[in-house]
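The chain contents come next:
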2 protein chains.
Amino acid sequence: MNAPKILSTPGTDAYAYPLLIRHLLANIADQSDAEIVSGDLRLSYRDFVERVTRLATLLAARGVRAGDTVAVMDWDSHRYLECYFAIPMMGAVLQTVNVRLSPEQIDFTLRQSGASFLLHHSDFAPLCDHLLPGLPQIGDVIVMNATEEAEGYEALIAATGPDFTFGDFDENAIATTFHTTGTTGDPKQVFFTHRQLVLHTITLAATLANQPDGQGLRRSNIYMPMTPMFHVHAWGMPYAATMLGVKQVYPGRYDPATLLTLKLREGVDFSHCVPTILRMLLDANATNRESLAPWTIVIGGSALPTALAQEAEAAGITTLVGYGMSETGPVVALARGASDDATDRCRAGYPVALVQARIDTANGGELLLRAPWLTQGYATQADSDALWADGWLHTGDIAAVDEDGALRIVDRLKDVIKTGGEWVSSVELEDLLVAQPGVAEAAVIAIPDEKWGERPVAFLVAALDAQPLQRDQICAQLQLHVAAGRLSRYAIPERLLLIDALPRTSVGKIDKKKLRTMVA
Amino acid sequence: MNAPKILSTPGTDAYAYPLLIRHLLANIADQSDAEIVSGDLRLSYRDFVERVTRLATLLAARGVRAGDTVAVMDWDSHRYLECYFAIPMMGAVLQTVNVRLSPEQIDFTLRQSGASFLLHHSDFAPLCDHLLPGLPQIGDVIVMNATEEAEGYEALIAATGPDFTFGDFDENAIATTFHTTGTTGDPKQVFFTHRQLVLHTITLAATLANQPDGQGLRRSNIYMPMTPMFHVHAWGMPYAATMLGVKQVYPGRYDPATLLTLKLREGVDFSHCVPTILRMLLDANATNRESLAPWTIVIGGSALPTALAQEAEAAGITTLVGYGMSETGPVVALARGASDDATDRCRAGYPVALVQARIDTANGGELLLRAPWLTQGYATQADSDALWADGWLHTGDIAAVDEDGALRIVDRLKDVIKTGGEWVSSVELEDLLVAQPGVAEAAVIAIPDEKWGERPVAFLVAALDAQPLQRDQICAQLQLHVAAGRLSRYAIPERLLLIDALPRTSVGKIDKKKLRTMVA
């Protein structure tokens, strides 16, 4: 009694429509006349959909069955995109292997996922030769780019008929798996189901299309990923771009010069990357100083310094911040703003439709989330319980909600500096440091301090052609911010360390764990 | 064995996120600074969300429980929008009563739905006084617009606290129900679940936002419905507009002069209606000849004659056709085209994401559909079985797919004229008739004919200030189309009947059943 009335009209089951990745392709081959460009290949959407079917036929012939895990190690390519669809559409699980991890970590992730089949680029042949003898569960391998050989991906696809019949199954079937690349401990395995990816894709498409003009992705845009496809589905963008039937450009292994060439040659006007890649693009463009407009780039992974956003703007690039993490699919918020206000677009942005965001004031302002596409846990119970304590996903980020509903990420919970009874944001301090002349990059960590609890230490990388950095000048500049009430006086670091390059994690984030070790 | 791997990470259930209508409001009160305008009232989204909670509190206090059905009889208003959310969010079922049906049919629909509570506008007080004694299951009533009285909706909402706590429940719970208004037999009851409406809403939002500039609905648009809210959720647009946080204008009972005034006063630039309403708007604007640009109007319900689209264009209105029916949620396809090509936008358009469309050549080209938001059946088994034969929804429309993937609706399966061994489309013939000078509206039906099987009969309505229509001239014009190969020679009707107005169904479609009776 007093329960909602569950639909029980005759024949409900017969007419069920599970949310499956194959339905994202429902009608796009008929509607899109755009191309998918990858190396020398230019595919129509009709070609692409047929090749997805051929790949499934090929894998089935090689013994891949529903429930199996198929691991992929490749640079961004049409082949990877085909795997994004064909493998889950068969009912198998796509493992996107993070190829930037150490050999030991790659071994760990392949072992934990239980992959029984591997598709890899020849760049990883030496590594695979080294690892595979210890991984007997991987029974079969295809080399993805061996175009000349009969046993290469292209030749095999060409020799296979498009015979596979994709069927319906439970939308809660696992579609993809990969490992988060946190800066502590072993990589953690996360899982995404068909339902989660379909909901992420439609909502992401709705969000991007509803951005102000020139800040989003619509049918008429031209898309190129610049966060690797092994990392959280390249932020889910290839699924959204494919559903929309937009022109897509896959750049292979990232190289700033190649990315710029492809951008200009193919007319790319929508991409996404971490701040480091943006920095590299601007440096690579420094000689020619070509205008890169129009180019909307969604920035995520770490905070976007305002100074970098302004430099990008000067080069014709519109940056806006997206917020998410490996555990969240990833997109849960996206910035937008007046077209001439880069500062607005440096915030983490507005939670997208269906996303519930809550600030846990009891825990230093940690951002908690609910949405229908968040990973439901890790491989182990204890990790899952910590992630989902009280039914909310714990992001580990400290956030605030601005008056207009946009999120501002204050810091990582573990990176905030508790000093003299105040909390100092490492992100805020880094932003002020990077804004100073001659500073290309900055990272701030906390070190234990008997008197103050913790004290900040700043690492600075000088700009390419800058004068040597002067510690006194930099601190004097920071004092001006203190005087103006923009910065706590406790935030001025006694130690400013000059460094040639900041250590990075495998996905381009600053590796603060390594910085802490360096100081200790 | 060989089944997809179902997600079974620890604690899956604890982190489940059902697709519920309340989640469409997840973060919009924080983000939107737009207004919801209705009569003299101007609500912020924060007001609106609070009022939704108040309404649920009020209904719960009056005895409404999860699983109950609450019937609503109102013109388009903020009150109706509040019911769209509050009633399903409580776990109750919202019945949108078609107030244009006959008293007997309204009685039938209230009885079949099992409604136990009624909210109605005072315009329907005489009708309700007449019906309610025979419907003892309706235990309680609120009059929606009795603003002066303590027992009216506004006073009751104001006197109620926003105390109701909305919880999660099964996403397959029924959210809404209403009756289709086919031109044969009793109205048929259809049902939509929370899951279906959430998926329809997100996909519709993604589709509308991805339209070419000036042909869709984005965050910056201003929305006013012109298909009534009792009819298939006003095509689902109020849900999408609310999720996006756009400014909304609710026009009360439709009156062309009021609609035009509101359009100009509030800056409305996105609406939807049947061709009849568009005709009335253009007639009402004929005296002042104001430019109505910018105004995008999605047209559905019946075919949009090219001539009407061109006339609208001249008045500053961009029309585009949407395709769907009561059984389909409704939107399954939407036209788009070059901004200066109204013809393109007169087709039924491109199937939207997740929609599978198939032409059943074995059955005269009937359009069959699958999508995750189609009604799963009617109240009776036999009707459901016919609708969903072979697991596809049978639309009863004959369609073709153009080379660019767009659907063209050729005719209703039951309206096509089979004559002289050829199939003549009544829609095509009507379009050619309306294009002739002096013809405002046209309807073509088939009558049985011993020699030819069937023959077309055309009904014509003269334009307001036109010369009397000449049958010979009209037939001569049609002969030119025959000579040019655009029309079958069997399509020229011997009988052209002049009529003051075409009979219409309760939702504004031409009532061909009545026309057939008139001829017989």
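Scroll up for the structure.
Rules of the game
Residues numbered from 1 in each chain as written. Chains lettered and ligands numbered in written order. Predicted model: local features only at pLDDT ≥ 70, side-chain atom pairs only at ≥ 80, totals over all residues. Contact = placed C-beta atoms within 7 Å. Helix = DSSP H or I, 4+ residues; strand = E, 2+ residues; numbered from the N terminus. Nonpolar A, V, L, I, M, F, W, Y, C, P; charged D, E, K, R; others polar. Pairing = 2+ DSSP bridges. Axes fitted to C-alpha atoms, helices over the stretch in contact; angles between N-to-C directions. Least-squares fit on C-alpha atoms with pLDDT ≥ 70 in both. Core = buried A, V, L, I, M, F, W, Y, C linked by C-beta atoms within 7 Å. Buried ≥ 20, exposed ≤ 12 C-beta atoms within 10 Å, placed from the backbone.

A. How the structure looks around the interface of chain A and chain B. Between chain A and chain B, the residue contacts involve 60 residues of the former and 60 residues of the latter. Mapped onto the side of chain A that touches chain B, the elements with two or more residues apiece are α1 (28–31), β8 (188–193), α7 (194–209), α8 (237–244), β15 (350–351), β16 (356–360) and α12 (381–387) of chain A. In terms of residues, the side of chain A that touches chain B owes the most to one element, α7(A), which gives 5 residues. The residue inventory of the side of chain A that touches chain B, partitioned by class, reads 32 nonpolar, 20 polar and 8 charged.

B. Structural detail: the sheet that holds strand β4 (residues 93–96) of chain B. Residues and elements named next belong to chain B. Strand order across the open sheet formed by 6 strands is β6-β5-β3-β4-β7-β8, with mixed pairing between neighbours. Edge positions in the sheet fall to β6 (140–143) and β8 (188–193), since each of these pairs with one other strand and no more. Ignoring strand direction, the axes of neighbouring strands in this sheet form an average angle of 20°. With 4 bridges connecting them, strand β5 (residues 117–120) and β6 associate as parallel partners. Residue Leu-118 lies in a different strand from β6, and its bridge partner there is Val-141.

C. Just the sheet that holds strand β6 (residues 140–143) of chain A, in detail. Residue and element names in this part refer to chain A. Taken together, 6 strands build an open sheet; the order of strands is β6-β5-β3-β4-β7-β8 and the sheet is mixed. Every interior strand has two partners, whereas the edge strands, β6 and β8, have only one. With strand direction ignored, the average angle separating the axes of adjacent strands in the sheet is 20°. Note: strand β3 (residues 69–73) against strand β4 (residues 93–96), 4 bridges, orientation parallel. Opposite Val-72, over in β4, you have Thr-96 as the bridge partner. Sheet strands in contact with helix α3 (residues 78–89) are β3, β4, β5 (117–120) and β7 (174–180), and its direction is about 150° off that of β4.

D. Fine view of the relation of the copies chain A and chain B. For these two chains of identical sequence, chain A goes onto chain B by a turn of 180° and a shift of 0.0 Å along the axis, with RMSD 0.0 Å. As the rotation angle and translation indicate, the two copies are arranged about a two-fold axis. Using C-alpha coordinates, one finds that chain A approaches the rotation axis most closely at A:Ala206, a distance of 1.9 Å. Here 100% of the contact residues of chain A are again contact residues in chain B; the copies associate through an equivalent surface.

E. Focus on the nonpolar core. By size, the foremost hydrophobic cluster in this structure holds 325 residues, and its most contacted members are A:Val70 and B:Val70. Ignoring sequence-local partners within four residues, the contact set of B:Val70 consists of B:Leu59, B:Val64, B:Ile87, B:Ala92, B:Leu94, B:Gln95, B:Ala115, B:Phe117 and B:Leu119.

F. Molecular detail of the pairing of strand β22 (residues 439–449) of chain A. Residues and elements named next belong to chain A. Here β22 runs beside strand β23 (residues 453–462); their pairing, made up of 10 bridges, is antiparallel. The residue of β23 that forms the bridge with Ala-442 is Leu-460. Following β22, the chain reverses through 3 residues before pairing antiparallel with β23.

G. Molecular detail of helix α13 (residues 426–434) of chain A. The element α13(A) is extensively covered by neighbouring structure, given that 8 of its 9 residues are classed as buried. Turning to α13(A), its buried residues are A:Ser426, A:Val427, A:Glu428, A:Leu429, A:Glu430, A:Leu432, A:Leu433 and A:Val434.

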